[in-house]
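Working through the structure, step by step
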Number of protein chains: 2
Amino acid sequence: MGTLAAATLDRVTAQVPPSDPEDMHSRPGHLIRRAQQVHGYLWTAMVSKDVTPTQFSAITVIAARPGTDQIALSRESGLDTSTTGAVIQRLIQRGWVAVDRDPKDMRRKLLSLTPEGQRVFDEVAVRAASMTDRMVESLELGERAQLVSLLARLVAHGETLREAGDEAPTA
Amino acid sequence: MGTLAAATLDRVTAQVPPSDPEDMHSRPGHLIRRAQQVHGYLWTAMVSKDVTPTQFSAITVIAARPGTDQIALSRESGLDTSTTGAVIQRLIQRGWVAVDRDPKDMRRKLLSLTPEGQRVFDEVAVRAASMTDRMVESLELGERAQLVSLLARLVAHGETLREAGDEAPTA
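This is a predicted model, so every value here is computed, not measured.

What follows covers the overall build of chain A. Secondary structure summary: chain A contains 8 helices and 2 strands in total. Counting helices and strands in the order they occur from the N terminus, chain A gives α-α-α-α-α-α-β-β-α-α. Burial statistics for chain A: of 171 residues in total, 43% are counted as buried. Taking the contacts inside chain A whose residues are at least 6 apart along the sequence as the reference set, 48% of them involve residues at least 24 apart.

If you want it as structure tokens, here you go:
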């Protein structure tokens, strides 16, 4: 199994245009997109039609770090700065996040959950954990840890490439 | 490493609301979303600003199976039916996909690439393979195969849950 899959991947990454869509199903990018679709479906069906995964990521950081600011929130949630700004605005509109000015630096806005925001977080967190159980239930515990570890390394490397930004070859 | 990661995952999936955003970074759903962001960034930077990953998936299937129809394309590309219809319309508008009626069933539309569509496919396929190399370069070959295998199993299970549809618990 391991050897076969490695051989398939070698073929895929050999810079030869794939002629068979079977190859497509071994492409990490294609599988990541489909995994994202699966996650989106399960989120809507099992977690919330109302709170998005992105909003939940932001709320999770604010719940754990009351008084965090937009820059720290962006870094910890893995959202880019403009997305973070838009998400915060939406969470404020919904009455889930409150803003205070930093007495030491009036330009700095400190974010915290309102009681309603905390209630939403508590409810969604339980549902999200339950959905995650369901999504990974076909994998053994050790395999789940392996998937998390491999994805985390791919993401960390990809975000480094992104930060390198303009040095990357462009189309 | 394996044991530590397994312990982290146990904690995450134990249906206890995470109080620390560190836990968030061990959630498969969160990592899948960030991996999708990385892929989107690398696609735009290294493959194409013009052809989307979804369009490329559709083109890949049509290139390998000239005369395929919308239903088969939807199944093979992992796109849902309405997305597939919209993608095909767009590819026809761009002059990359041609439609013929099936002489045996005039309601059935057979899809194939135009010469320009084939040229786009050949060019994008090489760039996409090169981008994939870059995206996974921090993983050993065996680890890439492991990631592909684990994601494929997660996706297959998730799509089974999706097909089960209304039987899934809803929010």
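Another point: helix α8 (residues 141-164) of chain A. Residue and element names in this part refer to chain A. Its 24 residues give α8 an end-to-end C-alpha distance of 35 Å, which sits within 8% of 34 Å, the value for a rise of 1.5 Å per residue. Inspection of α8 places R144, A145, Q146, L147, V148, S149, L150, L151, L154, V155, G158 and L161 among the buried residues, and these make up the whole buried set. At the exit of α8 stands G165, carrying a positive phi of roughly 50 degrees.

As a further point, take the interface of chain A and chain B. Each side of the interface is counted separately: chain A has 77 residues, and chain B has 78 residues. Of all the elements in the fold, those that place two or more residues in the side of chain A that touches chain B are α1 (2-12), α2 (21-24), α3 (28-47), α4 (53-64), α7 (115-135) and α8 of chain A. The greatest single-element share of the side of chain A that touches chain B, amounting to 20 residues, is contributed by α8(A). In terms of residue class, the side of chain A that touches chain B is built from 40 nonpolar, 23 polar and 14 charged.

An α-helix turns once every 3.6 residues. As a result, residues three or four positions apart point the same way. Residues and elements named next belong to chain B. Here helix α6 (residues 81-93) spans 19 Å end to end across 13 residues, near enough to the 18 Å set by a 1.5 Å rise per residue. Every buried residue of α6 is listed here: T84, V87, I88 and L91. The buried residues of α6 all sit within an arc of 100 degrees when viewed along its axis, so they share a single face. Exposed residues pointing more than 90 degrees away from the buried face of α6 are listed as S82, A86, Q89 and Q93. Tucked inside the fold, the buried residues of α6 contact α4 (53-64), α5 (70-77), β1 (97-102) and β2 (105-113).

The next subject is the packing of α4(B) against α5(B). All names here are of chain B. α5 packs onto α4 with a crossing angle of 115 degrees between their chain directions and a minimal axis gap of 10 Å. Handedness of the α4/α5 crossing: right-handed. Contact with α4, carried on its side by S57, A58, V61 and I62, involves L73, E76 and S77 of α5 and no other residues of that element. Per-class residue counts for the contact of α4 with α5 are 4 nonpolar, 2 polar and 1 charged.

Every regular strand shows the same layout, with side chains that alternate between the two sheet faces. Residue and element names in this part refer to chain A. Strand direction decides the pairing type here: strand β1 (residues 97-102) and strand β2 (residues 105-113), joined by 6 bridges, are antiparallel. Counted as the bridge partner of A98 is S112 from β2. Between the end of β1 and the start of β2, which pair antiparallel, lie 2 residues.

Examined against the element boundaries, B:A152 turns out to sit in helix α8 (residues 141-164). According to the C-beta neighbour criterion, B:A152 is partly exposed, with 17 such atoms within 10 Å. C-alpha separation for the pair B:A152 and B:L113, spaced 39 residues apart in sequence, amounts to 28 Å. In this structure, B:A152 is in contact with A:H25 and A:L31, ignoring residues within four places of it in sequence.

Attention now goes to the relation of the copies chain A and chain B. Superposition of the two copies of the chain requires a rotation about an axis together with a shift along that axis. For these two chains of identical sequence, chain A goes onto chain B by a turn of 180 degrees and a shift of 0.0 Å along the axis, with RMSD 0.0 Å. Such a turn and shift between the copies fits a two-fold axis. By residue overlap, the copies meet face to face through one surface: 100% of the interface positions of chain A are interface positions in chain B.

What follows is about the confidence of the model for chain A. Residue and element names in this part refer to chain A. Per-residue confidence for chain A gives a mean pLDDT of 86, with 84% of residues at or over 70. Scored below 50 in pLDDT, residues 1-17 shows 29 contacts in the model against residues more than four places distant or in partner chains. As a predicted assembly, this complex carries a pTM of 0.82 together with an ipTM value of 0.82.

Criteria and thresholds
- Residues numbered from 1 in each chain as written.
- Chains lettered and ligands numbered in written order.
- Predicted model: local features only at pLDDT ≥ 70, side-chain atom pairs only at ≥ 80, totals over all residues.
- Helix = DSSP H or I, 4+ residues; strand = E, 2+ residues; numbered from the N terminus.
- Buried ≥ 20, exposed ≤ 12 C-beta atoms within 10 Å, placed from the backbone.
- Contact = placed C-beta atoms within 7 Å.
- Expected span 1.5 Å × (residues − 1).
- Nonpolar A, V, L, I, M, F, W, Y, C, P; charged D, E, K, R; others polar.
- Arc of directions from axis to C-beta.
- Axes fitted to C-alpha atoms, helices over the stretch in contact; angles between N-to-C directions.
- Left-handed = near helix turned anticlockwise from the far one by under 90°.
- Pairing = 2+ DSSP bridges.
- Least-squares fit on C-alpha atoms with pLDDT ≥ 70 in both.
- pLDDT = per-residue confidence, 0-100.

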